[in-house]
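For reference, the chains in residue letters:
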Amino acid sequence: MLRISRLYRLPLAIDTRTNLLPALFSRSCQHKASPDWKINMLYDSECPLCMHEVNFLMKRDRKQLIKFTDIAQLDYKPELNGGISYEVGMKKIYAVKSDGEIISGMEVFRQVYKAVGLGWVWSFTQLPGFSKLFDRFYDVWASWRMKITGRPELEIVFEERRQILQKMSQNADKLCEEKDSCKV
């Protein structure tokens, strides 16, 4: 019998008969960025609203100018993504431009939409006097994202992830000591 982790953002299934982790931790997206990508968008694949946006952008990124990096993957590496840790990336959306510049919040949406030829969609957020208002609106949305999508508070998510990563580092093939006592 397979049991899915109660951690919403971790793509993890455990075979409760053997108590073994699957060989692959990630649900990698089918989108491949070109070697000449312009912006690396860091996203949370366990957020349904985020995935709606990411899927929309993937379909329109015909020139493959956007690299999509899922921070919810257990093998996510901040050092390959502008040093943005999982915890920081979960609090607010971030992207790393090809020149190494790190951007966050509304500016990420402005830049990724521009990369797919839809920059006009977010252009109204840069109107004089309104830019800071829209940036603040995004910050409020980001602070409520977990509640709005029915997920646990970030502190709980962070602690559960730390426990899983610690357990994995101690015993890479098992998460639970006994096959019927797994609490993941």
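Scroll up for the structure.
The rules behind these values
Residues numbered from 1 in each chain as written. Predicted model: local features only at pLDDT ≥ 70, side-chain atom pairs only at ≥ 80, totals over all residues. Heavy atoms only, no water. Helix = DSSP H or I, 4+ residues; strand = E, 2+ residues; numbered from the N terminus. Expected span 1.5 Å × (residues − 1). Buried < 20%, exposed > 50% of the residue type's maximum accessible area, 1.4 Å probe, protein only. Contact = heavy atoms within 4.5 Å. Pairing = 2+ DSSP bridges. Axes fitted to C-alpha atoms, helices over the stretch in contact; angles between N-to-C directions.

Another point: helix 4 (residues 131–148). For helix 4, which comprises 18 residues, the first-to-last C-alpha distance of 24 Å matches the rise-based estimate of 26 Å (1.5 Å per residue) to within 8%. The set of residues buried in helix 4 consists of Tyr138, Ala142, Arg145 and Met146. Packing partners of the buried residues in helix 4 comprise helix 1 (48–60), helix 2 (86–91), helix 3 (106–115) and helix 5 (154–170).

Our next topic: the sheet that holds strand 6 (residues 102–104). Strand order in the open sheet made by the 4 strands is 4-3-5-6, with mixed pairing throughout. Two strands lie at the open edges of the sheet, namely strand 4 (66–70) and strand 6, each paired on one side alone. Mean inter-strand twist for the sheet, computed between neighbouring axes without regard to direction, equals 25 degrees. Pairing analysis gives 5 bridges linking strand 3 (residues 39–43) to strand 4, with the strands arranged parallel. In the strand pairing of strand 4, Tyr43 is matched with Asp70. Packed on one face of the sheet, helix 1 meets strand 3 and strand 4 and runs near 155 degrees to strand 3. Taken strand by strand, helix 3 contacts strand 3, strand 4, strand 5 (94–97) and strand 6, and its axis lies near 110 degrees from that of strand 6.

Turning to the pairing of strand 5, a few remarks are in order. Note that strand 3 and strand 5 share 4 bridges and pair antiparallel. Its bridge partner being in strand 5, Leu42 is matched across the sheet by Tyr94. The pairing of strand 5 with strand 6 spans 3 bridges and is antiparallel. Of the residues in strand 6, the one forming a bridge with Tyr94 is Ser104. Connecting strand 5 to the antiparallel partner strand 6 that follows it, the hairpin turn spans 4 residues, and Gly100 within it adopts a positive phi of roughly 95 degrees.

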